[in-house]
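# Chain and residue survey
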Amino acid sequence: MGRGWRGGRGWQQAEVPPADDAAAWFGGRLPDGWFTGAPEVTVDREEIIVVGELPPLGGEHADDAARAAAEEGRISRFREETRDERIEIARQAEHRYQRKVAWGARLGGTKALFTTHSAPVMTRLRQPERLVLDTLVDAGVARSRSDALAWAVRLVGQHADSWLGELREAMSKVDDLRAKGPDLG
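Conventions used here
Along each chain, numbering runs from 1 in the same order as the chain's sequence is written. Totals for whole chains, interfaces and linings use every residue, but because this is a predicted model, local features are given only for residues with pLDDT of at least 70 and side-chain atom pairs only at 80 or more, for both listing and counting. The side-chain numbers reported here are obtained from all heavy atoms of the structure, hydrogens and water having been left aside. A pairing counts as a salt bridge when a side-chain nitrogen of Lys or Arg comes within 4 Å of a carboxyl oxygen of Asp or Glu. In this description a helix means any DSSP run of H or I spanning at least four residues, a strand means any run of E spanning at least two, and both kinds are numbered starting from the N terminus. Each residue is placed in one exposure class: buried if its accessible area under a 1.4 Å probe, protein chains only, is under 20% of its type's maximum, exposed if it is over 50%, and partly exposed if it falls in between. By convention, a stacked pair of Phe, Tyr or Trp rings (six-membered ring in the case of Trp) has centres within 6.5 Å and planes under 30 degrees apart, an edge-to-face pair has planes over 60 apart, and any other such pair is tilted. The arc in question is formed by the directions pointing from the helix axis toward the C-beta atoms. Throughout, a residue-residue contact means that at least one pair of heavy atoms, one from each residue, lies within 4.5 Å. Between N-to-C directions, angles span 0 to 180 degrees; the directions come from axes that are lines fitted to C-alpha atoms, helices contributing only their stretch in contact. The scheme is simple: roughly parallel for angles under 35 degrees, roughly antiparallel for over 145, roughly perpendicular for 65 to 115, oblique for anything else. For any helix crossing, the convention is left-handed if the near helix is rotated counterclockwise from the far helix by under a right angle, and right-handed if that rotation is clockwise. Three classes are used, and their members are as follows: Ala, Val, Leu, Ile, Met, Phe, Trp, Tyr, Cys and Pro are nonpolar, Asp, Glu, Lys and Arg are charged, and the others, Gly among them, are polar. By the criterion applied in these results, polar contacts are pairs of N or O atoms within 3.5 Å in which, for protein atoms, one can donate a hydrogen and the other can accept it, and in which residues neighboring in sequence qualify only through two side-chain atoms.

In this section: the pattern of salt bridges. Counting across every chain of the model gives 10 salt bridges. With a shortest N-O distance of 3.8 Å, Glu81 and Arg77 are connected by a salt bridge. With Glu81 and Arg77 both in helix α2 (residues 64-97) and four residues apart, this pair spans about one turn of that helix. With a relative accessible area of 62%, Glu81 lands in the exposed category. Residue Asp134 is joined to Arg145 by a salt bridge in which the shortest nitrogen-to-oxygen separation is 2.7 Å. Taken as a pair, Asp134 in helix α3 (residues 127-138) and Arg145 in helix α4 (residues 145-159) lie far apart in primary sequence, 11 residues in all. For Asp134, a relative accessible area of 23% corresponds to the partly exposed category. One network of salt bridges, in which partners are shared, links Glu40, Glu53 and Arg106.

Under the counting rule described, the total for this entry stands at seven aromatic pairs. Ring centres of Phe26 and Trp103 lie 5.9 Å apart, and the angle between their planes is 85°; on these two criteria the pair is classed as edge-to-face. With Phe26 in helix α1 (residues 22-29) and Trp103 in strand β3 (residues 100-107), the pair connects residues that are 77 residues apart, well separated along the chain. Of the two residues, Phe26 and Trp103, neither departs from the other in class, the shared state being buried. Among the aromatic residues, those joined into a ring-pair cluster are Trp25, Phe26, Trp34, Phe35, Phe78, Tyr97 and Trp103.

Once that is clear, we can look at α1. All of the buried residues in α1 are Ala22, Trp25 and Phe26. Down the axis, α1 shows its buried residues gathered within 95° of arc, on one side only. In this structure, α1 carries Ala24 and Gly28 as exposed residues pointing more than 90 degrees from its buried face. Among the structural elements, β1 (40-43), β2 (47-53), α2 and β3 are those in contact with the buried residues of α1.

As a packed pair, α3 and α4 sit with axes 9 Å apart at the nearest point and diverge in direction by 100°. Our classification of the angle between α3 and α4 gives roughly perpendicular. From α3, Arg130, Leu133, Asp134, Leu136 and Val137 reach across to α4, where they touch Arg145, Ala148, Leu149 and Trp151.

Interaxial distance between α1 and α2 falls to 12 Å at its minimum, and their mutual angle equals 150°. The angle between α1 and α2 places the two elements in the roughly antiparallel class. Judged by the sense of rotation from one axis to the other, the crossing of α1 with α2 is right-handed. Contacts between α1 and α2 involve Ala22, Trp25, Phe26 and Arg29 on the former and, on the latter, Glu88, Ile89, Gln92, Ala93, Arg96 and Tyr97. Class assignment of the residues belonging to the contact of α1 with α2 gives a composition of six nonpolar, one polar and three charged.

To continue, consider the environment of Gly59. In this structure, Gly59 sits in the loop between β2 and α2. Taking the C-alpha atoms as reference, Gly59 lies 20 Å from Lys111; in sequence the two are 52 residues apart.

A separate point is the side chain of Thr110. Mapping Thr110 onto the fold places it in strand β4 (residues 110-114). A relative accessible area of 13% places Thr110 in the buried class. One polar contact links Thr110 to Glu71, side chain to side chain, over a distance of 2.5 Å.

Now the structure itself:
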């Protein structure tokens with residue numbers, strides 16, 4: 001048995017209900033008119049993030065800075081006007097999926113996430129890896145080792161997106177095969 005194996009979904013570290021239907025659930029639960037289309041729903045073990053595209057701005061703007069300011073203002077208005085309803089939907093989803101729910105909105109070139117969850121992750125690093133983190137801190141790229149590690153993970157994620165997608169697909173196939181196999185319990 002490998003790391004993380006709990007007799008069910010082999011890649012889960014803790015037993016949480018599957019959230020394979022989360023995008024559909026949010027699509028059916030969200031009020032009409034909030035977003036121009038189906039929201040982007042991203043799920044991991046601790047959190048579900050729901051990001052929707054807001055209707056486009058009307059009118060002309062003097063320059064890109066003015067357009068960006070207008071986009072930020074519209075996203076801020078959406079956040080305030082939908083707060084109570086988003087909290088209620090998140091409460092229902094958190095009960096259903098046993099994960100925190102965060103929200104976000106996108107408009108033009110602007111994207112904002114509201115109150116996302118930061119999950120602590122423990123790791124043991126040897127001196128060469130710690131020196132990399134310390135170099136990033138000393139250079140002002142990050143404020144702390146924790147920020148440096150988060151920066152490094154984001155960078156790897158950006159540059160290895162297709163490989164990570166293939167890996168997730170392969171893990172899903174392994175889970176499917178395990179589910180089809182004999183029950184050893």
